[in-house]
Amino acid sequence: MIVRSASDKQVLQYDMLTHLGQQLTSSLDPKIVLSLITQYATELLDSHSSVLLLRNEYTGETRYVSVFNLAEEEFFNKRLSSTESLGSQIINTQKPILLNDYGTYARRVAILESYEIKAVIGVPIIWQDQAIGALNVHSNNPDQRYTENDIKILSSFANFAAIAIINARVHAQVQNELHLRRALNEIMQVSRLNCSLQDLLTKLAAKIKGWFMGLDFVLMVLNPLSSITQFAGSHPLPQEQMEKLKELMNVTLVSAEDSEALPGERSELVLSTENALAMPLVGRHRKLGYMVCLNPDVFLEHDGMRIMQNITDHVALTIENALLHLETRGDLQQALEQMGALNYAIREITESALLETLPQNIVNMARSLLGAQGGLLLTGGEGKSLSLAAFSGMDEARSAELSARIIMHSKQYAITRNHYVENLLGSGVEEVAGADGQGYAFALFLPMLFQNERIALLVMFQAEPFVRSSGKVLVSRIFADIASIALKNAELFSNERKTVHELRYYSEQMRASQEALEDVFALHNKLLHLVLNNRPIQEITDAVHGSTGHGILVEDHMGNVLSRSSEDLPFSTIYSQREVPDVIVHYQKALRSKEPVTLIDAHDCVRYLVPLIVGMKVLGFVSLFVCSDAIEVMDRHIIESSATAYALTILNINRSLDIERQLKGQVLEALIQESYPAKQKDLVHRAGYLGLSAEAQYRILLIRVDTKEPLPQLENLQIKQELLESVPQATLHFPIKPAFFSDAQGLVIACPVTGSTDVSLEKIFSRLEKEVAVRFKRNDKLYCGVSSVLNGLLEFRKGYQEAGKALLSAKTWRMGTLPVYFDRLGIVGFLFQEGNEDLLDSFVRNAMGGLIELDEKAKMSLVDTLEQYLDHDCSLIDTSQAMFIHTNTLKYRLKKIQEVIQADLTKTTDRVNLYFACKLFRIMKAKDQPEFTALLQP
């Protein structure tokens, strides 16, 4: 390597720059000048090699255009990205870079590795403040170091390189522009030819190929008349490439509604192993297709993009002119055909204007006229919901599905006379398969207007987009207007005919209503006659049933069935169902509002429940059962108007029953009190007249309420009245109605004795408890004492006293769940006989006198513990739970009891004696109270 002094370098630099200037003025070939620049820069800086890189302003790639002392074939085929290599960095930053340690640089180029480059210096090539390339010089001498002065020297060579490159580009642009103008003139001449679109594309491809030999291209245009994409290019393409180009057309080609021309856009569509640049062919009002350059990297250098844009603009104009010519010629022919089809369609619709097949004919004619695959006609005016009237080209299920979707989405579209809606199903609704298996992806809406108001909506379906032409739009609107008039005329005719039918129907209804009213008036007169003559309630039911023909059930307020239309009527009273969850609401509503209510009965029949009211009191209910969906108005009126007759009849019945019950109660009270000894015979005769036989056997029941705490006199009277009012319902199903009354000690009932009297008495007591709890919302405990069997009426006083003793036993022993019978008291019964008191007292004192004394002194409740233990069958667990004490506490008390009374509770003899001693002790304590004497004296 030659080492030069600074002065020698300046002289040499001057000579080199002078020579370069001479070459710039004498030669237009930039390769000569650029080769000299790389050679002189290497030699002047005493380096190993140099390269000159230029950036493609369209692709953004950087490539080598001149190298010195390097293998050209390795570098000239290399393409670098905008972020790759030192040269790209210099161009991006537009600043020189000096690297004296190139081995550590991250963006090293692989092909320089074999030259063992140690240092690199590079400067940008600037033209009009824009970096167009870079000049780099390399050194493989590890001792060489570049300086800032070297950058200045290299920048002078870069300035000459910029002038040479710009001169070459200007010269190339002038030549290319002349070539382009001649080519474009010949391209425009093709539009004058009278040929098909395919022939036009073939001739255009031949012209472009002749003028631009290096261009590999394909023209793709969508024929608007056939909706088929047509091709022509520099050479035939493989089938795989053709399919990819069709895919590009389907994805990116916009519709004719786009009014703005779209700029060219790079497509990432890969064809074989190369990229394709798709340039849109944009006319004045629409995008026609694409011109696809298959070798953009070869052709689109320098000014190639501008040339391609000019070619596509002139080709688009030529194709658009040819298409306008073809469309105009085709539109005239199509208009003639459409007018003939329109005349035929109008004639068919007019002839069927008054027939029921008019909607179907409208859909069929619209399909034929517009060439649609399927169609629907939906009727409905403004502000009204649409409904399907007719369909064609699909089955019933498909038509129902499509109409439902259209109705659901119709509010999203402004459907007016001037609105031509397409692709409804393609935007927002998935594709729907038609009757032939083909998808209906596009929908065309034709609003049918009459006096500017929509009366129907005609919808056509197709798998492909509808052909848009002014002639077809005009024909479709004329057809829609004619069909609208036909539909409106048919509607008016139908309304007139319907009006005539309605008038005839109303006349018949008026006549039938008049006859029905006459029947109702006759029924009212008949019911009034029955009530005034105190006829049985069953005759009223038979009369009402004869007018309605439906099942009828009449009940009083306590659930007694007073009459029914048939003995086989399977329905039960509303009173018996008053606690059923589905019935209780209706029952309470009828009692509260005193208005009729409707409910579904257990037998799936409609039950029309009407309360029977006198004054403000509900005396019962009458139910009308209809085994259908609804009750007719006339039947409602009949059953509601008959309620008055039923209420008056029940009122008379209740008054008679109340008088009978009062008389029976008075007779029963007199027999117990023996208040008429002088007229005893007359009293027995009067009792027999009221149904109390002197030869029958009876039992006397004495029932009392345990209120736990003393109550005021007024509240005690209320409780007794509640008991008294509950007796009729509790004895509803008793074979012989008993006599009853209420006195100071409780409720007194005299029940005749039959074979199952004991079971009946227990049922009466249980129902009485339930009635008090349900009707009066009271949870007080009832105690009942029952006398022995009495032979005749004159033993009622004795029975009353026995019932009082049994009641006292029931209260003393806390037996509130079942009646206590006097003749079943066993040994306890001896207590109530005169002269036995001392004997029984001695028995109790001997058995457990020690416990009684200990309880009186220490309050240990030993007697109560012993009684509970024996009552619970000597079970420690049950006794402790009943007394709410611990088992160990109970064991301690039992041990104490056995110690005090010297008894063994494991022995049956001791248990029996102690059990009766406990019970007798309770009775003896009760005898000392005033209540005991009151119960035994009537």
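The protein is annotated in an unreviewed UniProt entry as GAF domain protein from Acididesulfobacillus acetoxydans.

Draft legend 1. Focus on the nonpolar core. Residues Ile-37, Leu-52, Leu-154 and Phe-157 are the most contacted members of the largest nonpolar core, which totals 31 residues. Counting residues per element, the ones that place at least two in this core are helix H1 (6–26), helix H2 (30–44), strand E1 (49–55), strand E5 (119–127), strand E6 (130–139) and helix H5 (148–189). Looking at which element gives the most residues to this core, the answer is H5, with ten residues. Not counting residues within four places of it along the chain, the set of residues in contact with Phe-157 comprises Met-16, Leu-17, Leu-20, Ile-37, Tyr-40, Ala-41, Leu-44 and Leu-135. By size, the runner-up hydrophobic cluster in this structure holds 30 residues, among which are Leu-184, Leu-201, Phe-217 and Ala-316.

Draft legend 2. How the structure looks around the state of the cysteines. This model, assessed by the stated rule, comprises one disulfide. The partner cysteine of Cys-605 in its disulfide is Cys-627, sulfur to sulfur 2.1 Å. Judged by the torsion about the S-S bond (80°), the Cys-605/Cys-627 disulfide is right-handed. Pair noted here: Cys-605 is in the loop between strand E21 (597–600) and strand E22 (606–614) and Cys-627 is in the loop between strand E23 (617–626) and helix H15 (633–673), with a separation of 22 residues, a long-range link. Cysteine Cys-751 is unpaired, with the sulfur of Cys-784 as its nearest cysteine sulfur at 8.9 Å.

Draft legend 3. A look at the pattern of salt bridges. Counting across every chain of the model gives eight salt bridges. Where Glu-555 meets Arg-607, a salt bridge forms, and the shortest distance between an N and an O atom there is 3.8 Å. With Glu-555 in strand E19 (residues 551–556) and Arg-607 in strand E22, the pair connects residues that are 52 residues apart, well separated along the chain. Residue Glu-555 is classed as buried on the basis of its relative accessible area of 0%. Each member of the salt-bridge network shares a partner with another, and the members are Arg-398, Glu-401 and Arg-405.

Draft legend 4. Examining unusual backbone geometry more closely. For Gln-94, which is not a glycine, the phi torsion comes out positive at approximately 55°. When you line up the elements, Gln-94 lands in the loop between helix H4 (85–93) and strand E4 (97–99). Judged by relative accessible area, Gln-94 falls into the partly exposed class, the value being 34%. Look at Glu-116: it is not a glycine, yet its phi comes out positive at around 50°. Tracing the chain through its elements places Glu-116 in the loop between E4 and E5. Since its relative accessible area comes to 55%, Glu-116 is described here as exposed.

Draft legend 5. Layout of the packing of aromatic side chains. Tallied over the full model, the rule gives five aromatic pairs. A ring pair is formed by Tyr-505 and Tyr-506, whose centres lie 5.9 Å apart and whose planes are at 55°; its orientation type is tilted. When the centroid spacing of 5.2 Å and the interplanar angle of 85° are considered together, the rings of Tyr-698 and Phe-796 count as edge-to-face. Highlighted residues: Tyr-698 in strand E24 (residues 697–706) and Phe-796 in helix H19 (residues 796–812), separated in sequence by 98 residues. Owing to a relative accessible area of 1%, Tyr-698 belongs among the buried residues under this scheme.

Draft legend 6. Here's a closer look at the sheet that holds E22. Pairing in this open sheet of five strands is antiparallel, and the strands run E20-E19-E23-E22-E21 from one edge to the other. Two strands bound the open sheet, and with one partner strand each, they are strand E20 (561–564) and E21. This sheet shows a mean twist of 20° between the axes of neighbouring strands, independent of strand direction. The strands touched by helix H14 (residues 581–593) are E21, E22 and E23; relative to E21, the strand with the most contacts, the crossing angle is about 165°.

Draft legend 7. Geometry of the side chain of Gln-230. The topology assignment puts Gln-230 in strand E8 (residues 228–233). Judged by relative accessible area, Gln-230 falls into the buried class, the value being 16%. Each residue touching Gln-230, except ones within four places of it in the same chain, is listed here: Leu-197, Gln-198, Leu-201, Leu-219, Met-220, Val-221 and Asn-223.

Draft legend 8. Here's a closer look at the sheet that holds E1. Across the sheet, which stays open at both edges, the six strands sit in the order E3-E2-E1-E6-E5-E4 with antiparallel pairing between neighbours. Since the sheet does not close on itself, it has two edges, and those belong to strand E3 (79–80) and E4, each with one partner. Two elements, E1 and E6, share six bridges in a ladder whose sense is antiparallel. Bridging across to E6, Val-51 finds its partner in Asn-136. The strands that H2 touches are E1, strand E2 (62–68) and E6; relative to E2, the one it contacts most, it runs at about 65°. On the sheet, H4 packs against E1, E2, E3, E4, E5 and E6 and is oriented at approximately 140° with respect to E6.

What counts, and where the lines are drawn
Residues numbered from 1 in each chain as written. Predicted model: local features only at pLDDT ≥ 70, side-chain atom pairs only at ≥ 80, totals over all residues. Heavy atoms only, no water. Core = buried A, V, L, I, M, F, W, Y, C linked by side-chain atoms within 4.5 Å. Buried < 20%, exposed > 50% of the residue type's maximum accessible area, 1.4 Å probe, protein only. Helix = DSSP H or I, 4+ residues; strand = E, 2+ residues; numbered from the N terminus. Contact = heavy atoms within 4.5 Å. Disulfide = S-S within 2.5 Å. Salt bridge = Lys/Arg side-chain N within 4 Å of Asp/Glu carboxyl O. Phe/Tyr/Trp six-rings, centres within 6.5 Å; stacked < 30°, edge-to-face > 60°. Pairing = 2+ DSSP bridges. Axes fitted to C-alpha atoms, helices over the stretch in contact; angles between N-to-C directions.

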